[in-house]
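Structural overview for review
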Amino acid sequence: MRKACVVLVSLWLALVPVVPARAADNGSWSVYPVAAQAAARPYFYLSADPGQTLTDKVAVQNRTGEPLTFRLYAADAYNTPRDGGFAVRTADETMRGVGAWARLARSRITVPGHRTVTVPFTLRVPTGAEPGDHPGAIVALDERIAPGGGKLALGIRRAVGARVYLRVSGPALPALAVSRLSVGHHRPLLFGTGTATVSYTLRNTGNVTLRPSAELTARGLFGRTLLERRAARVPAELLPGQSVRLTETWRGTPVLDRAAITVSARAQGASASAGASFYAVPWLPLVMLVCGVVAVVIVWRMRSRSGERTATRRDRRFAVRRGLRDQGQ
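Now for the overall build of the chain. Counting secondary structure elements, the chain contains two helices and 20 strands. Taken over 329 residues, the chain has a buried fraction of 38%. Counting every atom, the chain has about 19000 Å² of accessible surface; 54% of that belongs to carbon and sulfur.

Given below as structure tokens:
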């Protein structure tokens, strides 16, 4: 008998930057800022001083024919470590920014089919809030648990939210860091090009959201350019204090060379770089070279020992002859 195991999985769906008529949604419901049609907002763009209180409204639209019940909550945002995607904390996680400062007028709503419910909320910025960007979202979490597939009895809860971009007044300090750069080189057996896997961590060390770009370059011996291209997997935006681990594949590495790789990252008002190197040598010639060196060393040592033994025997014969001469005298 299979043991029942229920795991609740909150799915954070993509929050696309479009107008409310096509707001962040999953096909069943949408969540978006309330605004006049002439001034439609794809997200909540808010600015405040420390200690200030803001008020706004969020709309939840039911696009199905049946009533839907949601849990509403505010959440902090972060970048997923794997690909840097925009994601938010679950309702049970500790909040330190928007998720802790925003209070909705209603925490639970039921939206009739093909209807929209508007909920006001307040956002109280603490007097000691750090300046810069504090991203988050207003989330509508479906209270229903949809059955999942697989061998485990999984339960899936879906959520959709409207992003909140809050900037607290004060010095804006954009800063980037590139760290933990490593290169894995896959050499060919005999001749031909190889493949290198370049991995690095890109981190926003400042207090504002950045839209970074990165460039991968490689220089060979005597400064010859081996590679120069734009990194493809950099996230569209990197939130303050967040980092993402990125990997680039370089196919067609040189057959015999020393490659110095540099990853350079840039954003408005910030830049950083890191470097690493590797030697491109085919496996078979490398093994043959090592074997040849070992063979030369072995032959040299054998000849050295043979010479030492010959010299020792010669010294012994000389000593014997000298002893005989001494006895004859």
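So much for the structure itself; the text now carries on.
Mapped onto the elements of the fold, Asp142 is located in strand S11 (residues 132-142). Polar side-chain contacts of Asp142 include one of 2.8 Å to the side chain of Arg144. For Asp142, the contacting residues outside a window of four places in its chain are Trp29, Thr69, Phe70, Arg157 and Arg158.

On to the nonpolar core. Leu123 and Leu166 are the most contacted members of the largest nonpolar core, which has 32 residues in total. Per-element tally for this core: the top contributor is strand S13 (residues 155-168), with five residues. When neighbours within four sequence positions are excluded, Leu166 is seen to be in contact with Leu46, Ser47, Ala48, Leu54, Val98, Trp101, Leu123, Val125, Gly132, Asp133 and His134. Ranked by size, the runner-up nonpolar core spans 28 residues in total, among them Leu176, Val178, Ala196 and Val208.

Strands sit in the order S14-S15-S18 across an open sheet of three strands; the sheet is antiparallel. Edge strands, defined here as strands with exactly one partner in the open sheet, are strand S14 (176-186) and strand S18 (243-253). The average angle at which neighbouring strand axes cross in this sheet is 20°, direction not considered. One ladder, built from ten bridges, connects strand S15 (residues 194-204) with S18; its direction is antiparallel. Residue Tyr200 lies in a different strand from S18, and its bridge partner there is Leu246.

In the structure shown here, the tally under the stated rule is seven aromatic pairs. With a centroid separation of 5.4 Å and an interplanar angle of 50°, the aromatic rings of Tyr43 and Tyr165 are classed as tilted. Placement of the pair is Tyr43 in the loop between strand S3 (29-33) and strand S4 (44-48) and Tyr165 in strand S13, with a sequence separation of 122 residues. Like Tyr43, the residue Tyr165 is buried in the burial classification. Judged by centre distance (5.4 Å) and plane angle (85°), the rings of Phe44 and Phe121 are edge-to-face. Highlighted residues: Phe44 in strand S4 and Phe121 in strand S10 (residues 116-124), separated in sequence by 77 residues. Following the ring pairs from residue to residue traces out a cluster consisting of Tyr43, Tyr45, Phe86 and Tyr165.

Here His114, not a glycine, exhibits a phi torsion of approximately 55°, which is positive. Mapped onto the fold, His114 is located in the loop between strand S9 (108-111) and S10. Exposure remark for His114: the relative accessible area of 58% places this residue in the exposed category. With a phi angle near 65°, Phe222 is a residue other than glycine that sits in the positive phi range. Mapped onto the fold, Phe222 is located in the loop between strand S16 (213-219) and strand S17 (225-230). Judged by its relative accessible area of 88%, Phe222 falls in the exposed class.

Looking now at the sheet that holds strand S5 (residues 53-62). Ordered by their spatial adjacency, five strands build an open sheet running S2-S3-S5-S10-S8, and the pairing between neighbours is antiparallel. Of all strands in the sheet, those with a lone pairing partner are strand S2 (24-25) and strand S8 (102-104), marking the two edges. For S8 and S10, the ladder comprises three bridges, and the chain directions are antiparallel. Paired with Arg103 across the strands is Thr122, a residue of S10.

Before going further, it helps to examine the pattern of salt bridges. One pass over the full model with this rule turns up ten salt bridges. One salt bridge in this structure joins Glu143 and Arg108, with 3.2 Å as the shortest N-O distance. Of the two residues, Glu143 is situated in the loop between S11 and strand S12 (146-147) and Arg108 in strand S9; the sequence distance between them amounts to 35 residues. Note that Glu237 and Arg211 form a salt bridge whose closest N and O atoms lie 3.7 Å from each other. Of the two residues, Glu237 sits in the loop between S17 and S18 while Arg211 sits in the loop between S15 and S16, which places them 26 residues apart along the sequence. In this structure Arg211 comes out as exposed when scored by relative accessible area, which is 58%. Residues joined in a network through salt bridges with shared partners are Arg163, Arg211 and Glu237.

Definitions and limits used
- Residues numbered from 1 in each chain as written.
- Predicted model: local features only at pLDDT ≥ 70, side-chain atom pairs only at ≥ 80, totals over all residues.
- Heavy atoms only, no water.
- Helix = DSSP H or I, 4+ residues; strand = E, 2+ residues; numbered from the N terminus.
- Buried < 20%, exposed > 50% of the residue type's maximum accessible area, 1.4 Å probe, protein only.
- Areas by Shrake-Rupley, 256 points an atom, 1.4 Å probe, with all protein chains shown as cover.
- Polar contact = N/O pair within 3.5 Å; in protein donor to acceptor, adjacent residues only side chain to side chain.
- Contact = heavy atoms within 4.5 Å.
- Core = buried A, V, L, I, M, F, W, Y, C linked by side-chain atoms within 4.5 Å.
- Pairing = 2+ DSSP bridges.
- Axes fitted to C-alpha atoms, helices over the stretch in contact; angles between N-to-C directions.
- Phe/Tyr/Trp six-rings, centres within 6.5 Å; stacked < 30°, edge-to-face > 60°.
- Salt bridge = Lys/Arg side-chain N within 4 Å of Asp/Glu carboxyl O.

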